[in-house]
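Tertiary structure, described
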Amino acid sequence: MALLNIDSLIVRFGGLVAVDNFSMRVEKGEIHSLIGPNGAGKTTVFNAITRVVKIHSGTIVLDGVELTHVAPHQVISYGVARTFQNVVVFKYLTVLENFYVGYHHRIAGGLMKDLIVTKRRSLENYEMYREALNVADFLGLKSRLLSYAGSIPYFHQKLVEIGRALMAKPKILLLDEPAAGLNEAETNQLVSIVRRIRDEMGITVLLIEHDMRVVMDISDVVTVMDFGKKISEGKPEEVRKDPKVISAYLGEVNSA
Ligand SMILES: Nc1ncnc2c1ncn2[C@@H]1O[C@H](COP(=O)(O)OP(=O)(O)OP(=O)(O)O)[C@@H](O)[C@H]1O
């Protein structure tokens, strides 16, 4: 059974059908890329998985659990964590505190329990700290832990966002254009980090990416969208040769 199974998904914005009867499956342990020209509907698919847009019809099932009716703030406890197209970090919190935000759903109880320091809570805080250190070590951010997230270089802010997502211990990590704005050396580092997230942490990765070098290098499977529909799917080398994909991208170049 696939880890993520999207079936016949339709998302509309008024008269616009942004995602049009779209289905895809992501197998456990895969690095799977979702690509397509601008406006194809990729981010809307991510927004549907994380439940921040209204689904007109279709189903999204993660690890056997239907997400379609889950509230957006609960999606993380079902095993979905994401990063955003434009880096979203809490600029006036430290890197460590940003990481803590990602861990929060793993702590039992609500605000009152946050205020009352019980023995159990101290232990949870210790576990959270230890995990933050591990994540920082994994991402090469240990020396940045006490810096304000808004004060560190752009690439490191991107890693903070990834770190915050990893702190949630997701089953699947959704990365929206992780290589955007990075130089070549940073992109190479990012590719290696994404591989290690899968290989060392065992987390399945679904990413949206425009940098074809990254897509071809990193993906086990590539799904291609255009005008809300799936137009191709397969191994990177198969998709690259698909005339439907070539024509979708050439159309984009011609209309630019
Ligand atoms: N909240 C919204 N309200 C209205 N229309 C929207 C909304 N979000 C997306 N759209 C429209 O839905 C379509 C798909 O957009 P989406 O952002 O999913 O595409 P994309 O493939 O992620 O594009 P890009 O690669 O440029 O980020 C576009 O026509 C877009 O203008």
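Residues numbered from 1 in each chain as written. Predicted model: local features only at pLDDT ≥ 70, side-chain atom pairs only at ≥ 80, totals over all residues.

In the nomenclature of an unreviewed UniProt entry, the chain corresponds to Branched-chain amino acid ABC transporter ATP-binding protein from the organism Pseudothermotoga hypogea DSM 11164 = NBRC 106472.

1. Quick notes on the environment of Leu190
Applicable threshold: Helix and strand assignments follow DSSP, with helices taken as H or I runs no shorter than four residues and strands as E runs no shorter than two, numbered in order from the N terminus. Exposed residues have 12 or fewer other C-beta atoms within 10 Å of their own C-beta, buried residues have 20 or more, and partly exposed residues fall in between, where C-beta atoms are placed from the backbone. A pair of residues counts as a contact when their C-beta atoms, built from backbone coordinates, are separated by no more than 7 Å.
Positionally, Leu190 belongs in helix α6 (residues 184-201). You can call Leu190 buried: it has 22 C-beta atoms within 10 Å. Sequence spacing of Leu190 and Asn86 is 104 residues, and the spatial spacing of their C-alpha atoms is 16 Å. Filtering out sequence-adjacent residues up to four positions away, Leu190 remains in contact with Pro178, Ala179 and Leu182.

2. Considering the confidence of the model for the chain
Our working rule: For every residue, the pLDDT score states the predictor's confidence, bounded by 0 at the bottom and 100 at the top.
Overall, the prediction assigns the chain a mean pLDDT of 91, with 92% of residues at 70 or greater. Reported for the predicted complex are a pTM of 0.91 and an ipTM of 0.96.

3. Side note on the nonpolar core
Definition in use: One nonpolar core equals one set of buried Ala, Val, Leu, Ile, Met, Phe, Trp, Tyr and Cys residues connected by C-beta atoms within 7 Å. The source of the domain bounds is an automatic or database domain assignment.
Counting 66 residues, the largest nonpolar core has Ile49, Val80, Ile172, Leu173, Leu174, Val205 and Leu206 as the members making the most contacts within it. Among the elements that take part in this core, helix α5 (residues 154-167) stands out by supplying six residues, more than any other. A domain split of this core shows at least three residues from each of domain 1 (1-79 + 171-256) and domain 2 (91-169). Every residue in contact with Leu173, bar those within four places of it in the chain, is listed here: Ala81, Ala165, Ile197, Ile203 and Val205.

4. Section: unusual backbone geometry
The phi dihedral of Asp63 is positive, around 50°, even though this residue is not glycine. Looking at the element boundaries, Asp63 is found in the loop between β4 (57-62) and β5 (65-66). A count of 17 C-beta atoms within 10 Å places Asp63 in the partly exposed class. One non-glycine residue, Lys169, lies in the positive phi region at around 50°. With respect to the helices and strands, Lys169 occurs in the loop between α5 and β7 (172-176).

5. Notes on the site of the ligand
Counted only if it meets this: Residues are classed as near a molecule or strand if the C-beta position derived from their backbone is within 6 Å of it. Gly counts as polar in this scheme, as do all residues outside two lists: the nonpolar Ala, Val, Leu, Ile, Met, Phe, Trp, Tyr, Cys and Pro, and the charged Asp, Glu, Lys and Arg.
The ligand sits among Phe13, Leu16, Ala18, Gly36, Asn38, Gly39, Ala40, Gly41, Lys42, Thr43 and Thr44. Contributing elements (two or more residues each) for the shell around the ligand: β2 (16-26) and α1 (42-49). At three residues, the largest contribution of residues to the shell around the ligand is made by α1. Of the residues assigned to the shell around the ligand, the class counts are four nonpolar, six polar and one charged.

6. Description of the pairing of strand β8 (residues 204-208)
Short version of the rule: By definition, two strands form a pair when at least two bridges between them are found by DSSP. Orient the strands so they point away from the viewer, and a crossover whose first-strand-to-second-strand path over the helix runs clockwise is right-handed.
Of all five residues in β8, five are buried; the element is thus mostly enclosed. Covered by surrounding structure in β8 are Thr204, Leu206 and Ile208 together with Val205 and Leu207, the residues of both alternating faces. As paired strands, strand β3 (residues 31-35) and β8 are joined by four bridges and run parallel to one another. Across the sheet, residue Leu34 finds its bridge partner in β8, namely Ile208. In the sheet, β7 pairs with β8 via five bridges, with the strands oriented parallel. For Leu175, the partnering residue across the bridge sits in β8 and is Leu207. Crossover handedness for the path β7 to α6 to β8: right-handed.

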